[in-house]
Amino acid sequence: MTSLHRDISNLSSRNKNFLFYTLLIISIPYKLFFISYQTTTSGPDIFEYTYLSRLFADKGVLHYIQSTDPFTLWRLPVLPFVLFICKSAFVFYILQLIASYFLAYNFYKIATFTTKNKTIAFLSFFVILFLPYLNMAACAAITEFIQISLFIYAFRKVLYKKYDFKLAIALIAFCLLRAEGQYFIYFLILRELFFKNFSKIIFYSIPIIVVMLWCTRNKTNFGTFSLVNPILSSRAMIGSLYGFIYVSERNDFHTKYDYYEGRDYVNKKSLLRNIKSCSIRNQK
């Protein structure tokens, strides 16, 4: 807290005091504008994430891990779990908009470290705070805002050499949010090798072990040792790296939505209708 107070004092230094608080006050209605007038707040994936969030509510965390529902392989669990905790999309958007201030702060810290220029760091804080794309992503039930936030937070912690449990949790959450998150960890390991910080490499084994545990869970429940379903996740990088050679005894669901044969988009509408009807039944 002492460090945070000092950083805020530096941001609102005497020569920028009025500008700092003026922009900070303006940022509040600016962000609320995106909740009121953002028309595209989710995308087609929202039905899948909402469905999975209800699995958390119905089954609990332990039974969710043991679940053989194919959507628990198709989508990673972090976003559904956050939606389950928030209970409503509106609360989720508000929390993400609040988190956007912390995201801007992390950019400020990175700019301070890399440029040593207070003016550039000040501008970085408010550019990120008012960036339309990030505010639109914060008002949407998609992974983009959380993904960017976790990436920047972890990057800042590494720059300042703060290898603690918070960084470990952030990296674990990143990997269980998007399959590509593990490649960021591999990049960090290469960085430590370049700087000959060999002791730090042990730290990165923590999120890698968690990833391997989830892969083991998928192997047990679905017969595929991959982080996400390599047949269904056509937009995931890892889906291109793991072919269906890694899937044993594919069930009918896999065959119907096999994107290698272009079937996922052909059958996607009927799939979404089924999820919608399931969601409506759960609401009743």
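Residues numbered from 1 in each chain as written. Predicted model: local features only at pLDDT ≥ 70, side-chain atom pairs only at ≥ 80, totals over all residues. Heavy atoms only, no water.

Okay, the environment of Asn117 next. With respect to the helices and strands, Asn117 occurs in the loop between α6 (89–115) and α7 (118–130). Polar side-chain contacts of Asn117 include one of 3.1 Å to the backbone nitrogen of Ile120. (Helix = DSSP H or I, 4+ residues; strand = E, 2+ residues; numbered from the N terminus. Polar contact = N/O pair within 3.5 Å; in protein donor to acceptor, adjacent residues only side chain to side chain.)

Before going further, it helps to examine the packing of helix α1 (residues 2–11) against α6. In contact at an axis separation of 12 Å, α1 and α6 are set at 80° when each is read in the N-to-C sense. If you check the angle between α1 and α6, you find them roughly perpendicular. Two secondary-structure elements touch here, α1 through Ser3, Leu4, Asp7, Asn10 and Leu11 and α6 through Tyr105, Tyr108 and Lys109. Tallied by class, residues from the contact of α1 with α6 come to four nonpolar, two polar and two charged. (Axes fitted to C-alpha atoms, helices over the stretch in contact; angles between N-to-C directions. Parallel < 35°, antiparallel > 145°, perpendicular 65-115°, else oblique. Contact = heavy atoms within 4.5 Å. Nonpolar A, V, L, I, M, F, W, Y, C, P; charged D, E, K, R; others polar.)

When pLDDT is averaged along the protein chain, the result is 82, and 77% of the positions lie at 70 or above. For the stretch residues 234–246, pLDDT sits under 50, and the model shows 36 contacts to residues farther than four places along the chain or on other chains. Here residues 262–266 scores under 50 on pLDDT; set against residues more than four positions off or in separate chains, the count is 11 contacts. (pLDDT = per-residue confidence, 0-100.)

What follows covers unusual backbone geometry. Residues other than glycine seldom take positive phi values, yet Lys87 does so here, at roughly 75°. Looking at where Lys87 falls in the secondary structure, it is placed in the loop between α5 (78–86) and α6. For Lys87, a relative accessible area of 66% puts it in the exposed group. Although it is not a glycine, Lys196 sits at a positive phi angle of roughly 60°. Note that Lys196 resides in the loop between α11 (181–194) and α12 (198–203). Note on Lys196: relative accessible area 62%, which makes it exposed. (Buried < 20%, exposed > 50% of the residue type's maximum accessible area, 1.4 Å probe, protein only.)

Before going further, it helps to spend a moment on the packing of aromatic side chains. For the coordinates displayed, the defined rule picks out 29 aromatic pairs. Here Phe56 and Tyr64 contribute two aromatic rings whose centre-to-centre distance is 3.9 Å and whose plane-to-plane angle is 5°, an arrangement assigned as stacked. Side by side, Phe56 and Tyr64 carry an identical accessibility label, which is buried. Just above the ring of Tyr101 sits the side chain of Lys31; from NZ or CZ to the centre is 5.3 Å. For Arg217, the ring lying beneath its charged end belongs to Trp214, and the centroid distance is 4.6 Å. (Phe/Tyr/Trp six-rings, centres within 6.5 Å; stacked < 30°, edge-to-face > 60°. Lys NZ or Arg CZ within 6 Å of the ring centre and 35° of its normal.)

The next point concerns the environment of Ile209. As for its placement among the helices and strands, Ile209 is situated in helix α13 (residues 205–222). Take Ile209: its relative accessible area is 49%, and that puts it in the partly exposed class. Along the sequence, Ile209 and Ile172 sit 37 residues apart, while their C-alpha atoms lie 9.3 Å from each other.

According to the stated counting rule, one finds four salt bridges in the structure shown. Two residues, Glu48 and Arg75, come together in a salt bridge whose shortest N-O distance is 2.6 Å. Residue Glu48 is found in helix α3 (residues 46–66), and its partner Arg75 is found in the loop between α4 (71–74) and α5; the two are separated by 27 residues along the sequence. Judged by its relative accessible area of 11%, Arg75 is buried. Two residues, Asp164 and Lys157, come together in a salt bridge whose shortest N-O distance is 2.7 Å. Given the relative accessible area of 27%, Asp164 is considered partly exposed. Judged by relative accessible area, Lys157 falls into the buried class, the value being 5%. (Salt bridge = Lys/Arg side-chain N within 4 Å of Asp/Glu carboxyl O.)

Okay, the side chain of Thr143 next. Mapped onto the secondary structure, Thr143 falls in the loop between α8 (132–138) and α9 (144–159). When residues no more than four places from it in sequence are discounted, the contact partners of Thr143 are Tyr49, Leu79, Leu177 and Arg178.

Another point: the state of the cysteines. Within this structure, the stated rule accounts for zero disulfides. Its sulfur unpaired, Cys175 is 9.8 Å from the next cysteine sulfur, which belongs to Cys215. On the basis of relative accessibility, which here comes to 1%, the residue Cys175 falls in the buried class. (Disulfide = S-S within 2.5 Å.)

Closest axis-to-axis distance for the α3/α5 pair is 8 Å, and the angle between their directions is 90°. With respect to their mutual orientation, α3 and α5 come out roughly perpendicular. Of α5, the residues touching α3 (which contributes Tyr49, Thr50, Leu52, Ser53, Phe56, Ala57, Val61 and Tyr64) are Leu79, Pro80, Phe81, Leu83 and Phe84. Along the lines of polarity and charge, the residues of the contact of α3 with α5 split into 11 nonpolar, two polar and no charged.

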